[in-house]
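Here is what each chain is made of, one letter per residue.
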Amino acid sequence: QVQLVESGGGLVQAGDSLRLSCAASGRTFSSNFMGWFRQAPGKEREFVATINWNSGNTMYGESVKGRFTISRDNAKSTVYLQMNSLKPEDTAVYYCAARGSPLRLGIPTFEYEYAYWGQGTQVTVSS
């Protein structure tokens, strides 16, 4: 089992920045990817970003490319999501996710590719 705890959400204005954190505990060695998804009211959950623990390879959703940066601190088993130039359409509950087993090929960008999820943290961007 892997436990994930997100933090760092809040209410900001358009153009502001915010950094989310996701602390992992448990069998973290079983997962080589951790990612962020988000879900706005009335919408489906959307892929935001993911990172490979070992290589540092990353991938981003089209709507956040150039504005968001995912990073990790292996020593702290923590993944971060730095969000810059925030827009009202970034308003959503942000979820951290971890794979249940190592992915040997490719980069996971779909919900079903992740086995563990955090409780979510609300990000609200006012215009």
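Caption draft 1: Structural view of the environment of Ser17. Checked against the element boundaries, Ser17 lands in the loop between β2 (10-13) and β3 (18-26). Remark: the alpha-carbon pair of Ser17 and Lys87, spanning 70 residues in sequence, is separated by 9.8 Å. Among all residues touching Ser17, those that are not within four sequence positions of it are Val12, Gln82, Met83, Asn84, Ser85 and Leu86. Within the structure, the side chain of Ser17 is placed 2.9 Å from the side chain of Asn84, a separation counted as a polar contact.

Caption draft 2: Region of the structure containing the nonpolar core. Of all hydrophobic cores here, the largest spans 29 residues; its most connected members are Leu4, Met34, Trp36, Leu81, Met83 and Tyr94. Looking at this core, the elements with two or more residues in it are β1 (2-7), β3, β4 (33-39), β5 (46-52), β7 (68-73), β8 (78-83), β9 (92-98) and β11 (121-126). Excluding residues that lie within four positions of it along the chain, Met34 makes contacts with Leu4, Cys22, Ala24, Thr50, Ile51, Trp53, Ile70, Val79, Cys96, Ala97, Ala98 and Tyr114.

Caption draft 3: Main features of the environment of Ser63. With respect to the helices, strands and loops of the structure, Ser63 is situated in the loop between β6 (58-60) and β7. Along the primary structure Ser63 and Lys87 are separated by 24 residues, whereas in three dimensions their C-alpha atoms are 11 Å apart. A distance of 3.0 Å separates a polar atom in the side chain of Ser63 from a polar atom in the side chain of Glu46.

Caption draft 4: Structural view of the side chain of Glu113. With respect to the secondary-structure elements, Glu113 resides in the loop between β9 and β10 (116-117). With no salt bridge to any partner, buried Glu113 finds its closest opposite charge in Arg99, at an N-O distance of 4.9 Å. Side-chain polar atoms of Glu113 contact the backbone nitrogen of Thr109, separated by 2.9 Å. Those residues within four positions of Glu113 in sequence are excluded, and the remaining contacts are Arg99, Ile107 and Pro108.

Caption draft 5: Spatial organisation of the environment of Glu6. Counting through the fold element by element, Glu6 comes out in strand β1. Given a relative accessible area of 5%, Glu6 falls into the buried group. Residues Glu6 and Ser71, 65 residues apart in the sequence, show an inter-C-alpha distance of 14 Å. Discounting chain neighbours no more than four positions away, the residues touching Glu6 are Ser21, Cys22, Trp36, Tyr94, Tyr95, Cys96, Gly118, Gln119, Gly120 and Thr121. Here Gln119 takes part through its backbone nitrogen, which lies 3.0 Å from a polar atom of the side chain of Glu6. A polar contact of 2.9 Å, which involves the side chain of Glu6, links it to the backbone nitrogen of Gly120.

Caption draft 6: Summary view of the sheet that holds β1. The strand order β1-β3-β8-β7 describes an open sheet built from four strands, whose pairing is antiparallel. The sheet terminates laterally at β1 and β7, the two strands that pair on one side only. Taking each pair of neighbouring strands and ignoring which way they run, the sheet shows an average axis angle of 20 degrees. Direction of pairing for β3 relative to β8: antiparallel, over a ladder of six bridges. Along β8, the bridge assignment pairs Leu20 with Leu81.

What counts, and at which threshold
- Residues numbered from 1 in each chain as written.
- Predicted model: local features only at pLDDT ≥ 70, side-chain atom pairs only at ≥ 80, totals over all residues.
- Heavy atoms only, no water.
- Helix = DSSP H or I, 4+ residues; strand = E, 2+ residues; numbered from the N terminus.
- Contact = heavy atoms within 4.5 Å.
- Polar contact = N/O pair within 3.5 Å; in protein donor to acceptor, adjacent residues only side chain to side chain.
- Core = buried A, V, L, I, M, F, W, Y, C linked by side-chain atoms within 4.5 Å.
- Buried < 20%, exposed > 50% of the residue type's maximum accessible area, 1.4 Å probe, protein only.
- Lys, Arg positive; Asp, Glu negative; His and termini not counted.
- Salt bridge = Lys/Arg side-chain N within 4 Å of Asp/Glu carboxyl O.
- Pairing = 2+ DSSP bridges.
- Axes fitted to C-alpha atoms, helices over the stretch in contact; angles between N-to-C directions.

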